[in-house]
Structures are given as C-alpha cells and as structure tokens.
Amino acid sequence: MLTEITIELLQLLMVMLGSPLLVGVIRKAKARLQGRRGASICQPYADLRKLLTKEMVIPENTSWIFRFTPYLLATTMLLSALIVPVLTTRTPLGFMGNIIALMYLFLLGTFFLALAGLDAGSAFGGMGSSREVAIAALAEPTVLIAIFGIALRAGTTSLDGIIARSVADPLLMLNAGHLLAFFAFFIVTLAETGRLPVDNPTTHLELTMIHEAMILEYSGRLLAFVEWAAGMKLFLFLTLLSNLFFPWGVALANTPVALFTAFLALAVKLLLFAGAIALVETLVAKLRLFRVPELLAGSFTVALLAVVTAFFIK
Amino acid sequence: MLDLLLVTLACFSAGAVGALATAPWMNLSRLVGNAGALLGALGAFALGLAGLVGGNLQLNIPDLLPIGGVALGVDRLSAFFVVVIAAGAIPAALYALGYTREYAGKHSLARMGFAFNVFIAAMILVVLARNVLTFLFLWEAMSLASYFLVMTEHEREDTVRAGWVYFVMTHAGFAALFLGFLLLTRATGTMDFADWGAAAAKLDPTSRNLIFVLLALGFGSKAGVIPLHVWLPRAHPAAPSHVSALMSGVMIKLGVYGIARVAFDWLGAGPAWWGGAILVVGAVSAVLGVLYALVEHDLKRLLAYHSVENIGIIMLGLGGGMLFQTSHLPGLAALALVAGLYHTLNHAVFKSLLFMGAGAILHATHTRNMEEMGGLIKRMPQTAALFLVGSVAIAALPPLNGFISEWLTFQSLLLSFQISAHTVNLIFALGVAALALTSGLAAACFVKAFGITFLALPRSESAAHAREVEWTMRAAMALLALACIVLGVAPPLTLAPLEATVFDLMGGLADMRFDWNAVVAHDGFGWVAPLWIALGLVAFLVAIPLAPRLIGANNRRRYYETWGCGRALQTARFEYTATAFANPFKRVFALLYRPVKELDIEFHPESRYFVRTIAYYNEGRLIFEDALYRPLLRMIQALAREARVLQSGNVHGYLVYILVALVALLILTV
C-alpha cells in the first residue's frame, strides 16, 4: 500500500514539476537553433511564480465557467498523470482508464477550454475556440486508429499492457506498422499540444493564434494554471510517445533501482523529444489554418496504413 | 406483473379520457392529462424493472383483433425498452405540467393530453406486442398520436409541412414493415413472434434477405438512419418540446428495438452482409448526422440531427454484434449488443434533457435561433447548468454516461481483430474511425450549442430579458441530469440487467467483467473505472483551488472589460456568431455541404464609397433531399400523371376494368 502511494506520488511530482522544465528546455533549444542565447531553462518556473503573485483581471461578461476552467484543466492533467505509466508498467491506479479513456479525459479539458474562450464575448476567443475544436475533432480519428494499430500488435489497449508487450519483444520497435503508428501519433501530439506547424505558441498576432487566442483573457493565478496545464499536456503526450513506442528503461517491477533507472531513461527520452520538437519548430513554417486538415488527413492515412500492415504482417 | 400493466393502462386511459372530459376547464384538463401520463409512466417503469428481474407476463385477448387477437408478453428485451420509454416519459410528463401552460387558450390542451397519453401507452404496448397484428395496430396508433402531437401548432406553415413529411415517411416505413411481416408470416406459417425464431431457420436465403431488407427499411425509417432521416429534422423541432424529447429520446429507439428483434430473435444469424450493411449505415449516419448538426442554428434542429448521429452510434454496436454473431463469436456479439443497448438508454436520458433545455430556452426567449441568444447563463443559471450536464454527456466526456457507452462501443469494435476476414476487419476499422470523428465533432458541436446560447452577451432583446423557467420544468431536467451522472459512475446498475437481457436474446454471455470499481472488456483488453475517475476529478477540483491559498498566492481580482484591441465599447455585435463558429467545418467538409454563399451589399444612393448594409448568407444544401427524394417524388408524380389516363370518368370504362380485374383474379387463384 505504501509503495503504491509512493509511486503515484513520484509520478505526480514528476509531471507537476517536470513540465515547466520541459517547456524551458524546448524554448532554449529553439533559441540556440535560431542563433540566440535564449532564456534559462528554469524561466517557466519564474513565470509561473510571477503569475501567482499578480492580481487577476476577470472580464465582466464572463460566467463561472471562465473561473472554473483553469482548475478543471489542471485536474484532468493531474488525474491523467496518475494513470499514464510515467515510470513503471505497474502503475497502481492504471486500472482507472486505458488509452481511450485517457484521450477522452484530454478532450474534457479541451471542451471546457473552448467554452472559456467563448465566455468573454470577444471575437478572438471565439475564433480560437472554433479552430481548436475543429483541429481536436479532426485529430480524433487519427488517434483512435493509431491506438487500434498499437492494440492489434499488443493485444490490449491498457497502457501498462502495451508497454509490457513491447518490452517483451524488442524487435517490435523496428516493425513498419509500429513506426507508422508512431509517426501518426507524433503529428497528433503536435496538433493537440499546439506546436508548429499547427499552431505557433509564441505568436503575438491574434489572427494566427489557436490555443493562445482562447486564453487571451486569462491573467494572474488563472493564467498560471492554464499555462501549467498546457505544459503538463505536452509532458504527458511526450511521455506516452516515449514509453509506448520506445519502452526501454521503463520499470517492470516497483523496486527503487528500477524506478531510478526509469526516471533517468524518461529524462533522456524527453530531452531527445524536446530537441526533436525544437528542430521541427525551427525548420517548418506554420501551416495555413485550412491546410491543417490536410496534414491531419495525411496522418490518418498513415495510421490506417499501420492498422493494415498489422493485419497483413502478423 | 399483469396487475402492474393494468394499473399503468388505467392511468393512461384516465389521463386520456379525463383530458377530453375536462376540456372546458383548461387548467384542469392540462393537469389531468399530464398527471395521468406521469402516473402511467411510473407504473411502466415499475413494470419494466419487474420484467428485467425475470417477471412473466402473458395477456391474450382472442377476439379484439382479427386472426390472432391481441397478444402481449414480456421478455427481458421488451422490459428493457419499457424502462427506456419510462425513463423518457416520466420527466417528459413532469416537464409538460409546466411547459404546456403557455398553450392555454391557443391550442387544445385536451386534445394534446389525449394524444400524449395514447402516444406513451402505444409505445409501451408496442414493445410488449407478441403477434403481428397487435404490433402493427399499436405501431400505427403510436405514429398517428405522434403526428397529432407534432401538428399542435398547426397555424404555422413549417409545422404543417413537417407534419406532412413525417406522415408520409412513417407510413412508407409502415408499408415496408407490413410487407416484411406478411412475407415472414407466409413463409413461416404463423403470426406469433415466439414461433418465428425456430421457423425462420428453414427459410430459403432469398426470402430471408428480402424480409430482412424490408424490415430493416421499415424500422430504419422510424429510427432515422441516413438516408431515411429526412423527417427527423423537420418533425422534432416543430413539435412541442416535451413531445420532441419523447420522440427523439424514446420513439426512435423503437426502430432500434425492431432491428434488434429482427437480427437476433426473429430471423436469427444471417449472412455477413446484413451486419456489414447495418454497421456501414450506422457509421454514415453518425458522421453525416453530426456534420449536419454542426451547421445548424436552430437549436432544436441541431438536437434532432444529433439524434441521427446517436442512432448511428447505436447501429454501429448492433451491426458489430451481428457481424460477430455471423463469425461465431457469441461473447463479442453480446458485448457489442450490450454497448448498443446501453447507448440507447443513455441517449434517451441525455437527449430528453437537452430537448427540455431547448424547450426552456424557447419558453424564456421565444426563439429557437441560436444567433439571437447569448448570456443566458446569467439569466437562467439552473437551466444552463443542467444543459451543460447534457452537453458533457452527449459529447461522451468522462465521467458521465455517454462516455461509458461509447467506450464500450469502441472496445467491441476494436476487438474485431478476432475475426480473420480482411474485408470485415477493414469495415470495422472504418467504423472505429467514423466513431472517433463523430465523438470529436459532437464535442465541437456542443461547444457551439452551449457556448453561443448561454455564454457571453445576449444578442437580442428577448435573450436579454429571459427569465428562469418554473420548477416543474427544472425538476424534470434535474432528474435527468442526475440519471446522467448515476448511469455514468455506476455502470453495474445498467450492465447487470443488460448482460442478462442479451443472454436471453441471443445466448451469448458478454465478454466483459464489471463491478462497482471497474469495467474490463475481454480479459484485460481494456479497463475503465468511471467511479474512480469521478472521485479523482472531484478530489482534485476541491484540492487544486485551495493549494494557491496555502502558499500565499495573490487572491485579489478585478473585474474589467474584455480586451477590445483598442475599440471603445463592447456590444453583442463583437461576439463570435454561430455561423462563424461552424465556418472551419463548412470549409473542410465543403464537399458534403456544398455551401451556397450570398453576399448582398447595399450602398448609399449617393456614393458607392458608403455601405449601408451587408447581408451574408452561407447555407448548406440538403444533399439527400435534392439527390434522392426530389427525383423519386418527381418520378412518382410523372407515373401518377400517366396513370391518370385510366380515370376517364366514363362509367362503361370502369365496368370493363372491374370485369378484367375479376377475370384476372379468378385465373390467378383458380
């Protein structure tokens, strides 16, 4: 019982405290690639602390949904942190949901964030909400077909089960279907977490914003929670990518040595993914909004190919 | 159980007759009619529960109807559908007690009360019917009662048109049913449903296929699958809101009941294309239903299209079950069927809630057009909160009931890899993709429906002066919202009786384990623990806002204007509109919508540099009506014009027709 609570607490702390660091690393890597020195990798921590000390300015037209949404976003992310196998395949609360339940939990957060965007009554918020739900809706088929592809190989949709089967069969990672599913899932990660080429997280032009437009009216503590939740979503998606597709280092038994190795392995994998995302963001320009469905349709085709190869190459 | 049924029917009769008898006293008539319906629905709920635990009922009245007489019986599937009907009817009757107040003096409350009672009673008796004529008689009674209810506001032209389309479509479906039943009776030699299961196995394949197609068309048109859905978006908005809730939440489920009976009871396991056809039809209905809903601004039409979508989701489960049954996987077939039936109950609950919310908004603002609403969350807070629960449920978000039934449907579709036929696997994969797209688009659509209607500033005077509705309407919605929550966090409440129901129906034990903690599909293929998710969400939602206070974060807040990018004031004109919200979807799916854009600019007469008004119309065209129904109607009209030649008006000609017909009949039969 005590081990279970400790493991869950460790996972929770890793996600809670590690997400600003991850965001900081990506920004630093981007800066370096663009020839700048960039802010320190601990800058997001300073930003969050600053936001918590500031007064909140709340638009007059909003309702309780505006104030409720940041807390709900943080809630869904922290609950997901308990379910996702961050360190170990024997996650005590992993029975709460399989990968499909996890995707719907993320969708719950997106739903309320889109409502909060409409709540302030500004056109920018409405535009952000409209674009965000369009992209989320079009990314759903890719996610589920990619899950289908993974589940076919692993024989289960539970996160722990998928990792356990992948670890048992090391050659799986060179499997064509596996790599296709990874590629599709990577594109979905970029779309869902609002990174280039779908959405530019550092843009100042409202007409090009998607995620930022919805949170335009947030300030102070509410903005701190929204930014933190967005960082946690990125952390969780990258953790899923690392541990589901490249499960080297994930603890199979809940011993201190295995958990420490898992922690180091995850840190290395997340660092590599952070570098990859920074590279993609530097090399690729943002897509026009109505080109994004084409990108998502392409990723859907790749995921469907992953499923088809799973059926034909047993 | 017979006494429960008689009490139920007595309440409905009292309600119906009483409403007509007290017609001169409007309020009394209204109360008697709706109270009778409420008591009858409560009795029906008890009846359904008694049937689910294994109660027995047999009622045969030999001479009331020709040939077989009236035959009523209950088995678990019928009992489950009685529970679904009651779950929709109890809140509807409670809601009607308050809602029908506004019809006093304008429309006949007595007739409405009569038709309402007959409608619900007919629906309950239809699922209890056990021979052909009883079924068809009650089916027709249900259709006629609902037609009269749809035509309540018959002074409006669009209501009359909607009623007409509904009338024609429901009778076209009835004709298909009649023909199907006739052929099945002739082939098996009996009119009793109980004898069909064994007898149908000996039919030759052509007859079975033909009967299946006819019965599927008939039940499908009642369920509202694409392309037989054209009556749904017209009839449901035209009817009064409590009737819309019943029609959309409950009546279309009788189509599902019919298809479940045909596929799993009467005709037994058929060739693979039956299941494949139902699955594909379900996938198409789901995606097209939600796509049409996305571009609607009439709140009730939007909800009607969502009913088409959810019927598609139910058909995905049913079609999957049929395919599994053909492939001799009874455990998975049962799982798919359980998922489909669970979604039937869930949809009845949250769709009724949403229609009642739309009715409350209509009551308060006198408009169904979303572009004229806004800011209602501050004027009608409880209705808003209840509508939000319905929206989260229909978007299939955890921890409410829509999530768990969609999760089960996903699991059963994903488990299709156990079938080793590549075409079937591909169909299932496309079904998974369709279901995923549908759920994403449904969430998007309800962000629009809730956001534009309730949030931000009011876009018209009527929305600015809206007031909260009376307690009966709110109580009915609260009851349904509670049901959404309970059905979502406590799946064993529904899964236990459903497992028994499906086992009785097709002999397969569903491939899942469940208890109050978790639901597990197929030996660990998928896990979910809705109660834990709900508790986790609540725990974090309580803890997280407290945390900043503990570390001494700034709690000061200031209320100020929304940021306006430099402009001086904010009015409702600066808000996002529903048309704009749906625009990305219209552009992405332009192939389906084929939008017609019109831009009318009126200039000042003295100079073209000054614009007076700009009117922008961006409407989609209805494909099915243009491509399928209009040519069909034109063809029928052309044939009718040609056939007019026979109506010469000459009596001698008619006498010759009679002679020819008589001779032909004698030759054919002798």
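A.B. asks: Let's hear about the overall build of chain B: which residues, and what values?
C.D. replies: Looking only at helices and strands, chain B features 26 helices and eight strands. A globule of 670 residues ought to have a C-alpha radius of gyration of about 26 Å, and chain B, at 26 Å, matches this closely. The buried share of chain B, reckoned over its 670 residues, is 59%. The contacts of chain B with a sequence gap of at least 6 include a subset with a gap of at least 24, amounting to 78%.

A.B. asks: Residues and numbers for the overall build of chain A, please.
C.D. replies: Check the secondary structure of chain A and you find eleven helices and one strand. Starting at the N terminus and walking to the C terminus, you meet the elements of chain A as α-α-β-α-α-α-α-α-α-α-α-α. The C-alpha radius of gyration of chain A comes to 19 Å, within 12% of the 20 Å expected for a compact globule of 314 residues. A principal-axis box enclosing the C-alpha atoms of chain A has dimensions of 55 × 45 × 40 Å. Put simply, chain A has 314 residues, and 66% of those count as buried. The long-range fraction of contacts in chain A, counting pairs at least 24 apart against all pairs at least 6 apart in sequence, stands at 80%. Surface summary for chain A: the accessible area is close to 11,000 Å², and the carbon and sulfur share equals 70%.

A.B. asks: Can you lay out the pairing of strand 7 (residues 596–604) of chain B for me, pointing to particular residues and giving the numbers?
C.D. replies: Residue and element names in this part refer to chain B. As judged from the nine bridges shared by strand 7 and strand 8 (residues 607–619), these two strands associate in the antiparallel manner. Pairing of D600 across the sheet is with A615, part of strand 8. The loop that links strand 7 with its antiparallel partner strand 8 comprises two residues.

A.B. asks: Run through the domain arrangement of chain B, naming residues and quoting values.
C.D. replies: Taken domain by domain, chain B comprises domain 1 (284–547) and domain 2 (623–669). Distance from the C-alpha centre of domain 1 of chain B to the C-alpha centre of domain 2 of chain B: 47 Å.

A.B. asks: Tell me about the environment of W273(B), residues and numbers included.
C.D. replies: All names here are of chain B. Structurally, the position occupied by W273 is in helix 12 (residues 272–294). Remark: the alpha-carbon pair of W273 and G40, spanning 233 residues in sequence, is separated by 41 Å. Leaving out residues up to four positions away in the same chain, W273 has contacts with N209, F212 and V213.

A.B. asks: Go over unusual backbone geometry with me, naming the residues and quoting the values.
C.D. replies: The amide bond that connects L196(A) to the next residue, P197(A), takes the cis arrangement and shows omega of 0 degrees. Position of P197(A) relative to the elements: it lies in the loop between helix 7 (176–192) and helix 8 (211–214). Here P398(B) and P399(B) are connected by a cis peptide whose omega angle stands at -5 degrees. With respect to the helices, strands and loops of the structure, P399(B) is situated in the loop between helix 16 (381–394) and helix 17 (401–414).

A.B. asks: An account of the state of the cysteines is needed here, citing residue identities and associated values.
C.D. replies: Residue and element names in this part refer to chain B. If you walk through the whole model with that rule in mind, you get zero disulfides over all chains. No disulfide involves C445; its sulfur sits 17 Å from the nearest other cysteine sulfur, which is in C484. Classification of C445 by relative accessible area gives buried; the value is 0%.

A.B. asks: Give me the lowdown on the side chain of N401(B), citing residues and values where you can.
C.D. replies: Mapped onto the fold, N401(B) is located in helix 17. The class for N401(B) is buried, based on a relative accessible area of 0%.

A.B. asks: Let's hear about the sheet that holds strand 4 (residues 519–521) of chain B: which residues, and what values?
C.D. replies: Residues and elements named next belong to chain B. Read across the open sheet, the three strands follow the order 3-4-5; overall the sheet is antiparallel. Of all the strands in the sheet, the pair left with one neighbour each is strand 3 (512–514) and strand 5 (526–528). Going from strand to strand, the sheet's axes swing by 10 degrees on average, the running direction of each strand aside. Direction of pairing for strand 3 relative to strand 4: antiparallel, over a ladder of three bridges. Bridge pairing links F514 to V519 in strand 4. Here helix 21 (residues 492–506) sits on the sheet and contacts strand 3 and strand 4; the angle it forms with strand 3, its principal contact strand, is near 140 degrees.

A.B. asks: Provide a residue-level description of the packing of helix 14 (residues 330–365) of chain B against helix 16 of chain B, including the pertinent values.
C.D. replies: All names here are of chain B. Two elements in contact, helix 14 and helix 16, have axes separated by 9 Å at closest approach and are oriented at 145 degrees. Here helix 14 and helix 16 pass one another in a crossing that is left-handed. For the pair helix 14 and helix 16, the contacting residues are F350, K351, L353, L354, G357, A358 and A360 in the first and T383, L386, F387, V389, G390, S391, A393 and I394 in the second. Split into classes, the residues belonging to the contact of helix 14 with helix 16 amount to ten nonpolar, four polar and one charged.

A.B. asks: Residue-level account of the pattern of salt bridges, with values.
C.D. replies: Oppositely charged side chains are able to pair whenever their charged atoms sit close together. Inspection of every chain in the model, using the stated rule, returns 18 salt bridges over all chains. Salt-bridge contacts for E281(A) lead to K30(A); the nearest nitrogen and oxygen are separated by 2.9 Å. Pair noted here: E281(A) is in helix 10 (residues 256–283) and K30(A) is in helix 1 (residues 2–33), with a separation of 251 residues, a long-range link. R291(A) serves as the salt-bridge partner of E294(A), at 2.9 Å between the closest nitrogen and oxygen. In this structure, a network of salt bridges that share partners links the residues D75(B), R130(B), R261(B) and D265(B).

A.B. asks: If you had to explain the packing of aromatic side chains to someone new, which residues and values would you point to?
C.D. replies: Tallied over the full model, the rule gives 52 aromatic pairs over all chains. Arranged with centres 6.1 Å apart and planes meeting at 70 degrees, the rings of Y99(B) and Y103(B) form a pair that is edge-to-face. Ring pairing ties together the aromatic residues F106(A), F182(A), F185(A), F186(A), F237(A), F245(A), F246(A), W248(A) and F273(A), which thus form one cluster. The ring centre of F603(B) lies 4.1 Å from the NZ or CZ of R608(B), which sits over that ring.

A.B. asks: An account of helix 23 (residues 578–588) of chain B is requested, with residue identities and associated values reported.
C.D. replies: By the burial criterion, the buried members of helix 23 of chain B are A578(B), T579(B), F581(B), A582(B), P584(B), F585(B) and K586(B). Elements in contact with the buried residues of helix 23 of chain B: helix 4 (99–119) and helix 5 (123–154) of chain A together with helix 12, helix 18 (422–454), helix 24 (590–593) and strand 8 of chain B.

A.B. asks: Give me the interface of chain B and chain A: which residues, what numbers.
C.D. replies: Many authors give the size of an interface as the accessible area that is lost as the parts come together. Counting residues at the interface gives 79 residues for chain B and 79 residues for chain A. Carbon and sulfur atoms supply 74% of the area buried between chain B and chain A, which totals about 7,000 Å² over both sides. Scanning the region where chain B abuts chain A turns up two salt bridges. Across the salt bridge formed by E55(A) and R556(B), the nearest N and O atoms sit 3.6 Å from each other. Of all the elements in the fold, those that place two or more residues in the side of chain B that touches chain A are helix 15 (376–379), helix 16, helix 17, helix 18, strand 5, helix 22 (530–550), strand 6 (557–560) and helix 23 of chain B. If you tally residues by element for the side of chain B that touches chain A, the top one is helix 18 of chain B, at 18 residues. When grouped by side-chain class, the residues that make up the side of chain B that touches chain A number 55 nonpolar, 15 polar and nine charged. Two elements, strand 1 (residues 56–59) of chain A and strand 6 of chain B, share four bridges in a ladder whose sense is parallel. Bridging from a neighbouring strand, V57(A) pairs with R558(B) of strand 6 of chain B.

A.B. asks: Now, about the nonpolar core: what can you tell me, with residues and values included?
C.D. replies: One finds F111(A), L128(B), F181(B), F219(B), W231(B) and M247(B) to be the most contacted residues of the largest nonpolar core, which totals 356 residues. Considering every element that reaches this core, the biggest residue donor is helix 14 of chain B, with 22 residues. In terms of domain composition, this core takes at least three residues from each of domain 1 (284–547) and domain 2 (623–669) of chain B. Residue contacts for F181(B): discarding those within four places in its chain leaves V132(B), F135(B), L136(B), F193(B), W196(B), L215(B), F219(B) and W266(B).

How each quantity is defined
Residues numbered from 1 in each chain as written. Chains lettered and ligands numbered in written order. Predicted model: local features only at pLDDT ≥ 70, side-chain atom pairs only at ≥ 80, totals over all residues. Heavy atoms only, no water. Helix = DSSP H or I, 4+ residues; strand = E, 2+ residues; numbered from the N terminus. Rg over C-alpha atoms; globule rule 2.2 N^0.38 Å. Buried < 20%, exposed > 50% of the residue type's maximum accessible area, 1.4 Å probe, protein only. Contact = heavy atoms within 4.5 Å. Areas by Shrake-Rupley, 256 points an atom, 1.4 Å probe, with all protein chains shown as cover. Pairing = 2+ DSSP bridges. Domains from an automatic or database assignment. Disulfide = S-S within 2.5 Å. Axes fitted to C-alpha atoms, helices over the stretch in contact; angles between N-to-C directions. Left-handed = near helix turned anticlockwise from the far one by under 90°. Nonpolar A, V, L, I, M, F, W, Y, C, P; charged D, E, K, R; others polar. Salt bridge = Lys/Arg side-chain N within 4 Å of Asp/Glu carboxyl O. Phe/Tyr/Trp six-rings, centres within 6.5 Å; stacked < 30°, edge-to-face > 60°. Lys NZ or Arg CZ within 6 Å of the ring centre and 35° of its normal. Buried area = accessible area lost by both parts, 1.4 Å probe. Core = buried A, V, L, I, M, F, W, Y, C linked by side-chain atoms within 4.5 Å.

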